[in-house]
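Structural overview for review
Spelled out, the chains give:
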Amino acid sequence: CKHQGKPLALSDVSISSTCGHSGCNECVLREAYIGKCPTEGCAALAKPTSIVHASSLGAEDDGKATRYGTKLALLCALLRRIPSTERALVFCQFETLTATVAEALSAYGISFVQLTGTAKRRSDLLEAYQEESGARVLLLNVDDESAAGSNLTVANHVIFVSPLLKQE
């Protein structure tokens with residue numbers, strides 16, 4: 001190997017998921033193409049599809065994923081990837097879920113508005129969302145009519161947090 005036992009950056013390390021041995025990306029993948037593990041004496045049958053870049057494995061847990069769950073952690077990660085010039089509508093079906101999503105968005109530092117209060121307050125919040133420098137996310141409850149008749153064309157993205165259930 002060109003690295004000859006030198007410490008590698010995480011971005012240069014790959015792991016064979018069949019046996020757990022690791023090495024530099026090039027060596028691990030090269031050996032996997034011939035069905036071998038790069039570690040001397042290992043008899044595991046490695047395949048290119050079983051090779052994982054070490055940098056793609058886990059991350060330090062900031063505690064938020066544990067508190068809000070994987071779905072909301074992924075929602076917040078998705079919202080963070082949306083360019084700052086774009087807006088998103090996030091729909092929830094249940095009030096308790098909407099409250100939890102609002103809490104998660106706040107914890108992740110994502111600016112959002114939720115239409116609550118008097119008609120005047122909801123109108124002001126909606127205007128704040130539609131302004132270029134305003135909140136990037138409008139959190140709505142599917143069953144709530146607070147945004148009914150509003151022009152939401154400023155939004156570039158629409159996300160439904162959970163499958164919609166028909167209520168009778």
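Residues numbered from 1 in each chain as written. Predicted model: local features only at pLDDT ≥ 70, side-chain atom pairs only at ≥ 80, totals over all residues. Heavy atoms only, no water.

The tally for this structure, following the rule as stated, stands at one aromatic pair. Aromatic side chains Phe 91 and Phe 160 sit 5.1 Å apart centroid to centroid with 15° between the ring planes, which places their arrangement in the stacked category. Taken together, the positions of Phe 91 in strand β4 (residues 88–92) and Phe 160 in strand β7 (residues 157–160) put the pair 69 residues apart, joining distant regions of the chain. (Phe/Tyr/Trp six-rings, centres within 6.5 Å; stacked < 30°, edge-to-face > 60°. Helix = DSSP H or I, 4+ residues; strand = E, 2+ residues; numbered from the N terminus.)

Pairing is antiparallel across the open sheet formed by three strands, whose spatial order is β2-β1-β3. The open sheet is flanked by β2 (22–24) and β3 (51–53), the only strands paired with a single partner. Adjacent strand axes in the sheet meet at a mean angle of 35°, parallel and antiparallel pairs treated alike. As paired elements, strand β1 (residues 13–16) and β3 share three bridges and run antiparallel to each other. Within β3, the residue paired with Ser 14 across the bridge is His 53. Each of β1, β2 and β3 touches helix α1 (residues 25–33); the most contacted strand, β2, lies at about 115° to it. (Pairing = 2+ DSSP bridges. Axes fitted to C-alpha atoms, helices over the stretch in contact; angles between N-to-C directions. Contact = heavy atoms within 4.5 Å.)

For the rest of this paragraph, the subject is the nonpolar core. In terms of nonpolar packing, the biggest core is built from 20 residues, with Leu 75, Leu 79, Val 90, Val 101 and Leu 105 touching the most fellow members. Of all elements in the fold, only α2 (64–81), β4, α3 (95–107) and β6 (137–141) reach the threshold of two or more residues within this core. A total of six residues in this core trace back to one element, the largest contributor, which is α2. In this view, Leu 105 contacts Cys 76, Leu 79, Ile 110, Phe 112, Val 137 and Leu 139; residues no more than four positions away in its chain are not counted. Judged by nonpolar contacts, the second largest core, of twelve residues, contains Leu 89, Val 113, Leu 115 and Leu 138. (Core = buried A, V, L, I, M, F, W, Y, C linked by side-chain atoms within 4.5 Å. Buried < 20%, exposed > 50% of the residue type's maximum accessible area, 1.4 Å probe, protein only.)

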